[in-house]
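These are the residues of each chain, in order.
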Amino acid sequence: MSDPFCGDGASALLHALADLGVTTIFGYPGGAIMPVYDIKHVLVRHEQGAVHAAQGWARASGQLGVCLATSGPGATNLLTGLADAYMDSTPILCITGQVFKHLLGTDAFQEIDIMGMAAPVTKWAYQITDASEVFPVLAKAAHLAQSGRPGPVLIDITKNAQQEAVSGQFQPLAVETNQAVVDSAIEQAAALINQAESPLVIVGQGAVLSGCQDELLSWLSTQPLPLACTALGLSAVPSDHPCHIGMVGMHGRLAANQMTSACDVLIALGMRFDDRVTSDVSQYAKQAKVVHFDIDPSEINKNVVADVAVLGDLKHSLQALLPHLKPKQYPQWWQKHQVGAAQEQVQVMSKEVQALDGISMAMVIHAINRVRTDLTWVTDVGQHQMVTCRYAQLKEQRSFITSGGLGTMGFCLPAAIGAQMAAPDATVVAVLGDGGIQMTIQELAVIKQHRLPVKILLLNNEYLGMVRQWQELYFDQRYAETAMDNPDFKTLATAYGIDCLQVADPAELTDVIDAFLSHEGAVLLEVKVLKEGNVFPIITPGQAVHQMQTQTEGDPS
């Protein structure tokens, strides 16, 4: 409980945030939130930048991310980030100003029903119309954002509530993790796992959110079974762990997807079986018994029916499971992995990391891995995202941040700002395409103003690459509106006071990567990559996960 407070609603709001331990807020001022602006915060250049930066902060730190905006367009500009945070279970608190209470419903200047708009993409949305509500509503909002399955909340506060007098004490609510698990469910799960001859673990972001790396590593020391990850689960276990077999799903590893269709027990840890992982769900892992660990009961049996469901915080659930597991080895099952991995190495990976006609995206990530493996990666959405998922070497939990469920282009640059501010000693590499960077490029000004040492990796193929790939493979090469007539990115970076490196020659790549990663302060590296490079393997649309295309049809190689 804090000290007694006496002041106006705006000051009460700031007092509550301080008591919640909030040290960094991202925002943009405006008339309806003006009374709150006795505050120093990170001034973004667009409200979408504020919400993505709050996401980056939360994803890198595990703490509540906070952003602030005014009413009307300020509030509506947050909606994409709210939806992104909702789908990716990111705990953020968005606070928006609103017109005076007596003007609600009159179509006043910059009035908008942000509550109705935000309700589908938040865990909770509430409008404060009286200053007496500030303390209890802020306590509940922070509690809900971080408890159980995390997610975004939005608080809208009318201007009169910001100006009215209020007194009292702020009482934060404890974060709840839903730790309770049912012993019988743990015993059933352990029985299936112990009996399995060809088990597969798929780890989602729930493992990262719960911080269960120690439990996972302990399990793998007892039962060294193959462990695959969703895109958001990639940093749950170090990439170089011998049991880590890479990402599953549309652009996942060939062997990992093949094993999904061959395992006898599939153990899903904090993942939701979205369509990018399952492809045609009617064909997904039908041969397997499914054990689903999740904190959210609404995910159980939503997309894939579970034979055993274990509800609760994943770290606590694994702690309960470990004593029941019996040591076991899986030599024949690992042999199947070796066959699929070798096939992918020959048909895909060896070609991608040694492109003969220019620089491939995989070559760039591979070159970075040779220099540093202790990086925090933040990606935008597109081909570069999938290549980074496939090739980036990750050591620490929370070292891979991307937009998963919503797939938001423009996410990366502001999210990297939030991640860098949350982890000032980390080397943050922001990986973007030439399409995505232009959606939030104005946030380069924040990097300059705050002297943030973000390493910006621009993989420029002069296309909306992922869309172009689909047009080539599945739409008879009808290339409509995917070629990009780009600006001079070096001139743009220089205008924002950010140093820029450029490379197009494969022979120069290694030296430029060294300079990029060792550069003091912010730097943008533009790599001119293959214009029509494709990301393989890819699950053929409408097919089962193991039915992956490894090259362009008609490619003689």
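Because the structure is predicted, anything quoted here is derived from the model rather than measured.

Draft legend 1. Geometry of a negative patch on the surface. Where like charges cluster on the molecular surface, the negative patch consists of Asp505, Glu508, Asp511 and Asp514. Checked against the element boundaries, aspartate 505 lands in the loop between strand E19 (499-503) and helix H21 (509-518). Overall, aspartate 505 belongs to the partly exposed group, its relative accessible area being 35%.

Draft legend 2. Seen up close, the sheet that holds strand E14 (residues 308-311). The strand order E11-E10-E9-E12-E13-E14 describes an open sheet built from six strands, whose pairing is parallel. Both outer strands of the open sheet, strand E11 (244-247) and E14, are each paired with one neighbouring strand and no more. Across the sheet, the axes of successive neighbouring strands diverge by a mean angle of 20°, strand direction being ignored. Judged from the five bridges that link them, strand E9 (residues 199-203) and strand E12 (residues 265-269) form a sheet pairing that is parallel. Directly across from proline 199, in E12, lies its bridge partner valine 265.

Draft legend 3. Broad picture of a nonpolar patch on the surface. Together, Tyr86, Met87 and Leu406 make up a nonpolar patch on the protein surface, roughly 240 Å² of accessible area in all. Tracing the backbone through its elements, the reader meets tyrosine 86 in helix H4 (residues 79-87).

Draft legend 4. Geometry of the sheet that holds strand E17 (residues 428-433). What the six strands build is an open sheet, ordered E16-E15-E17-E18-E20-E19; its pairing is parallel. Either end of the sheet is taken by a strand with one partner, and the two such strands are strand E16 (400-401) and E19. Of the strands in this sheet, E17, strand E18 (455-460), E19 and strand E20 (523-528) are in contact with H21, which crosses E19 at around 165°.

Draft legend 5. Examining the side chain of threonine 129 more closely. Residue placement: threonine 129 occurs in the loop between strand E6 (124-128) and helix H6 (134-146). Since its relative accessible area comes to 19%, threonine 129 is described here as buried. Aside from chain neighbours lying at most four places away, what touches threonine 129 is Lys101, Leu104, Thr158, Asn160, Ala161 and Glu164.

Draft legend 6. Fine view of the packing of aromatic side chains. Scanning the model with the defined rule gives five aromatic pairs in all. Here the guanidinium or amino end of arginine 468 rests over the ring plane of tyrosine 463, the centre of that ring lying 5.7 Å away.

Parameters at a glance
Residues numbered from 1 in each chain as written. Predicted model: local features only at pLDDT ≥ 70, side-chain atom pairs only at ≥ 80, totals over all residues. Heavy atoms only, no water. Patch = residues over 30% accessible without salt bridge, like charges linked within 9 Å, V, L, I, M, F, W, Y side chains within 5 Å. Areas by Shrake-Rupley, 256 points an atom, 1.4 Å probe, with all protein chains shown as cover. Salt bridge = Lys/Arg side-chain N within 4 Å of Asp/Glu carboxyl O. Lys, Arg positive; Asp, Glu negative; His and termini not counted. Charge placed at Lys NZ, Arg CZ, Asp CG, Glu CD. Helix = DSSP H or I, 4+ residues; strand = E, 2+ residues; numbered from the N terminus. Buried < 20%, exposed > 50% of the residue type's maximum accessible area, 1.4 Å probe, protein only. Pairing = 2+ DSSP bridges. Axes fitted to C-alpha atoms, helices over the stretch in contact; angles between N-to-C directions. Contact = heavy atoms within 4.5 Å. Phe/Tyr/Trp six-rings, centres within 6.5 Å; stacked < 30°, edge-to-face > 60°. Lys NZ or Arg CZ within 6 Å of the ring centre and 35° of its normal.

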